[in-house]
Structures are given as C-alpha cells and as structure tokens.
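Secondary and tertiary structure notes
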Amino acid sequence: MILSVLARRPVLLLLGLVVALALPWFVYPPIAMDIATWALLAVAVDLLLGYTGLLSFGHAAFWGSAAYATGLLGLHTGLPFPVAVLGGAVFAAALAVPIGYLSVKRTGIYFAMVTLAFAQMVYFVANQWRDVTEGENGLQGIPRPLFGVDLSEPFYFYYAGLPIVLLGLLAAWRVVRSPFGRVLVAIRDNPARARALGYPVDRYKLVVFMISAALAGLAGGLSAVSHGSASLQGVHWTTSGQAVMMVVLGGIGTLWGGVLGAGLVVQLEDYLSTAQFNGPGIVTGSVFVLVVLLFRKGLWGTVAGWRRARAE
Amino acid sequence: MTNFLQQCFNGLVSGSFYGLLALGLAVIFGMLGVVNFAHGAFYMLGAFGAYVLLTEAGIDFWLALVCVPVLLAVFGGLVERFLVRWLTGLDPLYNFLLTFGITLVLQDLVKREYGVASQPYPRPAALSGTLDLGLFEYPTYQVFAFAVSVTLCLAVWLLLTRTRIGLIVRASTERPELTGALGINVRRWVTPVFAFGVGLAGLAGVLAAPMRAVNPLMGADMVIAVFAVVVIGGLGSIFGSVLAGYAVGLLQALGQLYVPGLAQILTFVLMAVVLLWRPSGLFGREEARA
C-alpha cells in the first residue's frame, strides 16, 4: 500500500528531489557532487544502452574531454562556471559527431569495440598534447567563479552545481518520453522494422549519440570544476567502464537505475578508499560480475519487475 | 634505408603480439560469439606467471613458455565453465560486460600483490645476444618472438583449415544448429576452444615478459589496441585479424619513424578509414545490416 503510493510518479520525483537536496547533509559534500555528476554520466550512457540498444564503451572520451574544455575555459576566461561547463558539453557534442558517425556503422558488440577504440584515441591525444592538457599532471586549480558568490565550500558548491545535473537529467527524461525517444526504442527493438517504416536509423542513432555525449560532457565538466582538476584518468577507458557498470547495476533502460547505480558505486569506492583497501577493482569488479550473472535487470529493474508482476 | 628496414622489423615484432592476441580473440569470438574483454588481462597474467615461476620457483623461461600457457588455458577453461557459460544464449553484450568485470578483478588482484611498478624479467641466456641479419644487427630475442608468433599463427590457421578438428570447429562456428543436427556435439568444443584462446593470450604474455615491462596494467591498453586490430581485420575472420595485427604493428613502427607524436593514434585513424570504406573490416564477411 505504502509502496504503491511511493511508486506513483509525482511522489517518486518529489522523493528523488528531496534526496538530491538533502544529500550533502548526510554524505561528505564532494562525494555528493560526485554522485550527482556520475549519475548524469550513467543516465547519458543508458540513453544509448537502454533506449537505443547501443553499448558505448567510450563515454570517457566525452566526459574527459569536456573536463579539459571546461577547465581551459575556467582557467583562461574567468567565465561563470556554469557557462564553462556548458562550453565543455558543447565540445563533447562536437567531438561526438565524427566518432558517432563512424561508430553507428556497426552495431552490438562491434559498436562497443569501436567506441572503446576511439575513446582510446582521445586518451592518446590528451596524453601527447602536453601544451594544452599538461599531460600526466592534468589541469590544476580550475576556479569556480559565479558572479562573486563564494563557492569555495563544497557544501555550497553542491547546491550551485546540482541544478546543472537536474537540468541534464530532465533533458534525458524529455528525450526518452518524446516521439524521438519512441523511435529510438523502436530501433532498439527491431532496427529492420524501424528502417522499413522509413526512419533514417543511422541518423537517429547519431543524434542520440550526440545528445548522450553532451550530457556526459555536462557531467564531466561539472566534475572537473568540483574537483578543481581535469586529468588523464577522466579520458581513460576505466571511466567508460565505470559508467556502464553503474547503469547495469542500477538497471538498464530505467533512468532511475542509472542514478541509483551511480550512488552505490561512488559510495562503495569512497568506502573502500577511506578503509584504505588496496585494489578496489577486486570488490567493484566482483559485484559487477555477480550482477551480470544473477541480476541482469539491475536493482531498479528488478524492483520495477516485481511491481509489474504484482500489478498484473 | 637500414633504419627503415630495422623499423619495419620492429613493427613486425610488436605486430607479433597483436597478431597472437587477435588470433586468440578471433578464435574465441568465432566459435562462441564471445568478445573476451579479459583477453588483455590473460596476457598480463601470462607475463606475471612467467615472472612468478622464475622468482618463486626458479623455473626458467623455456619451461615457463610451456607451463604458463597450459596453466592459463586451464584457468580459462574454468572461467568458461563457471562464468561465461551462464550467459549462453543471451546478448553477447553480457559476455563483454562479464569479462570486463573479470578484468577489473584480475588486474587489481595482481596490483595488490605486486604493486604497479614494472618487474624485470631477464632474457634467456641462449637468446641474449644479437643476430646478424645482413644489413643490421638485431636482438636475437626479438627474432625469436617473431618466429614463434608467425609459426603459431600459421599452425593455428592450418589446424583450422586443414584438419578434421578445424572442420568441426568451423562448422560449429558457422552453422551450430546444422552441425548439431549432423550428430556433432557442438557444446563439447566450447570449453576447449575458450581455453585454447586464453592459452594463446598467456603465451603472448610469456613471450612479452623479457621484452616489455611486466606490470599489472600491461594488458589494459593492449586489449583496446587489439580490439581496433580486429575491427580493422574483420572480427569474423581469423586470417584477417592476424594479418591486421602485423599490419598495425608495422604501421605504428613506421609512424614512430616519420610522425613520432602521432604513432599511437595511427591505429585508430586506420580503423576510422576502414569503417568508412568497409564497415565489416578488411576481411570480414558482410553481414545483413540491421
């Protein structure tokens, strides 16, 4: 009874908003910001994986390069940080045009491999182009200007950054619920039929790829401002893998799942690092293996499945 | 000119590793439809296996070259039997994700035990000098690694194209239902084939140990380069994958000579060109476009 009230959409949204607003009271604020940015990255990845049937293993390219672009804007222009973050997202979307154009030529497992390879290319560029990216050191001391408001406290910065994440999530939600989003699902379920109905399948894929990259860039740029740095770690394939891990853990094809997965993985990693556990991948990797083997619908997907089963 | 030839040879040597890894990846994919993300981690385990056998048990390179691939093949067989098999019949993406998780675990286990610093592995005495190739002197070990790789790739190719086992494996790959209907137990070949592919990765690792830094992350970037290689060659084609492996090694080495800053990027540029021109890879069969 209580559960069914909670599960109604407006209640759920309100609950989510309350959790988002209350988060830095319960979680160390920089970690709260990490949860929010990774949630947006996970949702961006799920837009492709869950709603279009494309497993991108290369979103580090967008998250990481937007971090660099945002950092450079922040370091050299003194623009308010939301503008710099937006600049990063635009950069990521632009980078997604050639990568997406080439990647959507393959589907399924090939798509994953191709995106992964192009992301590695971006990684090499970031590593070699030291004049711009500072190579191994990365960009340091990225400022957070916002019309003279003092945001040096992570607690306050969280509330300054959260609207960007929420707007990104809203955009993803709008995409999924739009006619465009329905076409994506049709492409996922039966590409041949979608093509036969006259939809230019590859163009749809490219557009959603760009949207997804822009959202990933928004998240990456905000994360760079939050940490005050942009580094090679952001463009490395482990970042892509981590985002996919969050989606699978939370539940493929459910936007809530990505958010939930991000919260769990960031918390788990934070816990492991404060506990000084050497080799966090042993734990996160094992959890992931178990989820893939036993819980393929992820946490949110499993719960949603129960609810649906009870409703029927 | 000598410089050019020498660099070509360097390219073929590093191509040997791409070729061997692409071969294992292609064999596993061809038979099982599994893209094994953990292939790089198995390669790394091969190198560490040789290192551990040497430092802990005093087992030398030659014995390791036999033992380690066998041990890894057994390990690979277990991974197939207890993990990969669970996902039979599901979207291959789940296998990709599973092997990604396995990679994280293996990599961090080794990192935890040995740290991230590279471990030295001495060259076997018999292969320590240089060889006079007429135009220039070349390290004997590199020549050896190249020879082993070429021989193995050829042997596997012959095995698959000229023997009854190869016939069964290929038939099971291409038409599993029909092969099964002809009375061949297709499932029986799954574990051995997976184990064989993993063994090849392990062998490549042992071969790499005396030449390259033995380090927990050595497989991580390698596996992505090998993915690019098989996309270039055509993942469905074992021949194409191996050939693309050598070609990419060569391309990178020549890139090092002429455009040093861009050498590593060339592989991915080549991949982009191939995707534009032949989306299924140079030797891949054109599949029905979904």
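Everything quoted here is computed from the prediction, not taken from an experiment. (Residues numbered from 1 in each chain as written. Chains lettered and ligands numbered in written order. Predicted model: local features only at pLDDT ≥ 70, side-chain atom pairs only at ≥ 80, totals over all residues. Heavy atoms only, no water.)

**A closer look at the overall build of chain B**
Summing up its helical and strand segments, chain B has 11 helices and 2 strands in all. Sequence-ordered secondary structure for chain B, helices as α and strands as β, is α-α-α-α-β-β-α-α-α-α-α-α-α. Taking 290 residues into account, the globule formula puts the C-alpha radius of gyration at 19 Å, and chain B, at 19 Å, falls close to it. Each principal axis of the C-alpha atoms in chain B carries an extent, and together these give about 55 × 50 × 35 Å. Across the 290 residues of chain B, 54% fall into the buried class. A sequence separation of at least 24 residues applies to 77% of the contacts in chain B between residues at least 6 apart. (Helix = DSSP H or I, 4+ residues; strand = E, 2+ residues; numbered from the N terminus. Rg over C-alpha atoms; globule rule 2.2 N^0.38 Å. Buried < 20%, exposed > 50% of the residue type's maximum accessible area, 1.4 Å probe, protein only. Contact = heavy atoms within 4.5 Å.)

**What about the overall build of chain A?**
Summing up its helical and strand segments, chain A has 16 helices and 2 strands in all. For chain A, whose C-alpha radius of gyration is 19 Å, the value lies close to the compact-globule estimate of 20 Å for 312 residues. Oriented by its inertia axes, the alpha-carbon framework of chain A measures out at about 55 × 45 × 40 Å. Across the 312 residues in chain A, those meeting the buried criterion constitute 55%. In chain A, the share of contacts with a sequence separation of at least 24, taken over all contacts with a separation of at least 6, comes to 78%. For chain A, the exposed area adds up to about 13500 Å²; of that, 66% sits on carbon and sulfur atoms. Taking the average location of the 19 positive side-chain charges in chain A and that of its 12 negative ones, the two points are 19 Å from each other. (Areas by Shrake-Rupley, 256 points an atom, 1.4 Å probe, with all protein chains shown as cover. Lys, Arg positive; Asp, Glu negative; His and termini not counted. Charge placed at Lys NZ, Arg CZ, Asp CG, Glu CD.)

**Describing helix 2 (residues 9-26) of chain A**
End to end, helix 2 of chain A covers 25 Å across 18 residues, agreeing with the expected 26 Å (1.5 Å per residue, within 8%). Considering bend angle alone, the principal kink of helix 2 of chain A is centred on A:Ala20 and spans about 30 degrees; proline A:Pro24 follows within four residues of it. (Expected span 1.5 Å × (residues − 1). Bend = angle between axes of the 7 residues up to and from the residue.)

**Quick look at the UniProt feature "transmembrane region" (unreviewed entry) in chain A**
All names here are of chain A. The UniProt record annotates "transmembrane region" (unreviewed entry) at residues 12-31, 38-63, 83-102, 109-126, 156-176, 204-223, 243-265 and 277-295. Regarding residues 156-176, the helix share stands at 100% and the strand share at 0%, and the terminal C-alpha atoms are separated by 31 Å. For residues 204-223, helix accounts for 100% and strand for 0%, while the C-alpha atoms at its two ends are 29 Å apart. (UniProt positions renumbered as here; feature names shortened; annotations may be inferred.)

**A look at the UniProt feature "transmembrane region" (unreviewed entry) in chain B**
Residues annotated in UniProt with the feature "transmembrane region" (unreviewed entry) correspond here to residues 12-31, 61-84, 141-160, 189-210, 222-245 and 257-277 of chain B. In this annotation, residues 141-160 of chain B is assigned 100% helix and 0% strand; the end-to-end C-alpha distance for the span is 28 Å.

**A closer look at the pattern of salt bridges**
The tally for this structure, following the rule as stated, stands at 4 salt bridges over all chains. Its salt-bridge partner being A:Asp189, residue A:Arg188 comes within 3.0 Å of it at the nearest N-O pair. By relative accessible area, which is 33% here, A:Arg188 ends up partly exposed. With relative accessibility at 48%, the residue A:Asp189 sits in the partly exposed group. Here B:Lys111 and B:Asp108 are joined by a salt bridge, their closest N and O atoms 3.5 Å apart. Of this pair, B:Lys111 and B:Asp108 are both found in helix 4 (residues 92-114), 3 residues apart, which corresponds to roughly one turn of the helix. With relative accessibility at 25%, the residue B:Lys111 sits in the partly exposed group. (Salt bridge = Lys/Arg side-chain N within 4 Å of Asp/Glu carboxyl O.)

**Observations concerning the environment of B:Met44**
All names here are of chain B. Here Met 44 lies in helix 2 (residues 39-57). Residue Met 44 is classed as buried on the basis of its relative accessible area of 1%. Residues Met 44 and Val 206 lie 162 residues apart in sequence; the distance between their C-alpha atoms is 8.7 Å. The contacts of Met 44, once residues within four sequence positions are left out, are Leu 106, Gln 107, Val 110, Asn 215, Pro 216, Met 218 and Gly 219.

**Here's the deal with the nonpolar core**
Residues A:Phe81, B:Phe96 and B:Leu207 are the most contacted members of the largest nonpolar core, which totals 202 residues. The leading source of residues in this core is helix 3 (residues 29-52) of chain A, at 17 residues. Residue contacts for B:Phe96: discarding those within four places in its chain leaves A:Leu55, A:Phe57, A:Ile109, A:Ala112, A:Met113, A:Leu116, B:Val35, B:Phe37 and B:Phe227. (Core = buried A, V, L, I, M, F, W, Y, C linked by side-chain atoms within 4.5 Å.)

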